Amino acid sequence: MARLLAERFTRTLGRTFIVDNKPGASGNIAAEVVAKSPPDGNNLLLIYNAHPAVGALFPHLPFDPIKDFRSVGLIGTTAYVLVATPGLPGRNLGEALAQARAAGTPLTFGSTGAGSPQHLTMERLKKEAGIDITMVHYKGGALASNDVIAGHVNMALATPSLAMPQLKAGRLKALAVTGDKRLPELPDVPTVNEAGFHGFVSLGWFALLLPAATPEAVVQRYNDALNKALGTSPVKERLEAQGITPTPGPPAVLDRQMQGDAQMWTRLIKELGIKPE
């Protein structure tokens, strides 16, 4: 995604953009670099929806994930698919939970690490459902899905691009999707909201940030370039092939998304005492 946008920005803005991967610490290494960079528009940060939660997970960060950045804009959103091993009783989320309660069967969930968006989403669902589900943490979504396929854990949340090949092959079954509407590629799979958890929506998303003191004119220039890129066929097709819906719009939309997610996840993290691995 970063390389795709860097290519479009190079064309639109007439500058060379280099993607500098700085993995580690749940993205906090990269975030600190950009937060402490000069606010001259030379350094952008590509984030996903884990970013607003890191302040609650890591209380001693050398930066504030909200206050130390300015929003450029959302890139795209994606629902998660709640997948299960085919042998789990129930055709959908409602039936699976009801049968597990009736039988007293313990349920397990494979997450992509403590404090990850998938983990927090499932903790929220557990809380609203009033059912105990044991979390098993993995280093990545593919590892979690593989153990669901093997029957070692019952369920996991996967992106559509990761889930679809396994669903088509019959190695997994879909219980629900976490968006506000059903996915076109999974028209028979209900949303979590349809399963009786009214108002439950949890989307993965991707976005661009700049350092907090970046001038408005620079922010707007990047927002214009981002929206233009998201409107081109090559970018739209590449994102949609990964199950990501492009979401062009003003920086204020991302501001609201980050602030709302930070409040929601901070409450949940503190209430449940969730600690990163």
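Each remark here, short or long, concerns the structure printed above.
The notes below deal with the structure included here. Being a predicted model, the structure only gives us computed values, none of them experimental. In this numbering scheme, every chain counts its residues from 1 along its sequence in written order. With the structure being a predicted model, the display of local features is reserved for residues of pLDDT at least 70 and the display and counting of side-chain atom pairs for 80 or more, all residues being used for whole-chain, interface and lining totals. The side-chain values count all of the structure's non-hydrogen atoms but skip hydrogen atoms and water molecules.

Looking now at the overall build of the chain. Helix and strand definitions here come from DSSP, where helices need a minimum of 4 consecutive H or I residues and strands a minimum of 2 consecutive E residues; each element is numbered from the N-terminal end. Broken down by element type, the chain carries ten helices and nine strands. Atoms considered for the radius of gyration are the C-alpha atoms alone. The globule rule reads 2.2 Å times the number of residues to the power 0.38. A globule of 277 residues ought to have a C-alpha radius of gyration of about 19 Å, and the chain, at 19 Å, matches this closely. Principal axes of the C-alpha set define a box for the chain whose edges measure 60 × 40 × 30 Å. Buried, partly exposed and exposed residues are distinguished by accessible area as a fraction of the type maximum, computed with a 1.4 Å probe on protein chains only: under 20%, between the cut-offs, and over 50%, respectively. Here the chain holds 277 residues, and 48% of them are scored as buried. Contacts are assigned to residue pairs that have any heavy atoms within 4.5 Å of one another. Sequence separation of at least 24 residues holds for 74% of the intrachain contacts in the chain that already meet a minimum separation of 6. Accessible surface for the chain amounts to roughly 13100 Å². Of this, 52% is attributable to carbon and sulfur atoms. His residues and chain termini do not enter the charge count, which takes Lys and Arg as positive and Asp and Glu as negative. Every charge is mapped onto a representative atom, which is NZ of Lys, CZ of Arg, CG of Asp or CD of Glu. Charge separation in the chain, taken as the distance between the mean sites of 27 positive and 23 negative side-chain charges, equals 2 Å. Computed with the Shrake-Rupley method and a 1.4 Å probe, the accessible areas treat only the protein chains shown as cover for residues.

What follows is about the side chain of Ser37. Inspection of the secondary structure puts Ser37 in the loop between helix 2 (28-35) and strand 1 (45-48). The class of Ser37 is buried, set by a relative accessible area of 13%. Within polar-contact distance, the side chain of Ser37 engages the backbone oxygen of Val33 at 2.6 Å. Filtering out sequence-adjacent residues up to four positions away, Ser37 remains in contact with Asn43 and Pro211. Pairs of N or O atoms are called polar contacts if they sit within 3.5 Å, as long as, within protein, a hydrogen donor faces a hydrogen acceptor (for residues adjacent in sequence, only side-chain-to-side-chain pairs).

Moving on, we get to the pattern of salt bridges. Each salt bridge in this description consists of a side-chain nitrogen of Lys or Arg and a carboxyl oxygen of Asp or Glu lying within 4 Å of one another. Within the structure shown, the criterion is met by nine salt bridges. In this structure, the salt-bridge partner of Lys22 is Asp20, at a minimum N-O distance of 3.4 Å. According to the relative accessible area criterion, Lys22 is partly exposed, its value standing at 34%. The salt bridge involving Glu95 is made with Arg91; its shortest N-O contact spans 2.5 Å.

Right, let's get into the packing of aromatic side chains. Each aromatic ring pair is characterised by the separation of its centres together with the angle its planes make. Each Phe, Tyr or Trp ring, with Trp reduced to its six-membered ring, pairs with another whose centre is within 6.5 Å; inter-plane angles below 30 degrees give stacked pairs, above 60 give edge-to-face pairs, and intermediate values give tilted ones. Across all of its chains, the model carries four aromatic pairs by this definition. Of the aromatic side chains, those joined through ring pairs into one cluster are Phe9, Phe17 and Tyr222. Just above the ring of Phe200 sits the side chain of Arg124; from NZ or CZ to the centre is 4.1 Å. Each ring is checked for a lysine NZ or an arginine CZ that lies within 6 Å of its centre and within 35 degrees of its normal; such an atom marks a charge sitting over the ring.

Right, let's talk about the nonpolar core for a bit. Here, nonpolar core refers to any group of buried Ala, Val, Leu, Ile, Met, Phe, Trp, Tyr and Cys residues whose side-chain atoms link them within 4.5 Å. Ranked by size, the top nonpolar core spans 23 residues in total, and within it Leu93 and Met155 carry the most contacts. For this core, the secondary structure elements donating two or more residues are strand 3 (81-84), helix 4 (93-103), strand 4 (107-111), helix 5 (117-129), strand 5 (133-137), strand 6 (155-158) and strand 7 (173-177). Broken down by element, this core gets its largest block of residues, four residues, from helix 4. Those residues in contact with Leu93 that sit more than four places away from it in its chain are Leu82, Leu125, Leu175, Ala176, Val192, Ala195 and Phe197. In terms of nonpolar packing, the next biggest core, distinct from the first, is built from 19 residues, Leu5, Val218, Leu226 and Val235 among them.

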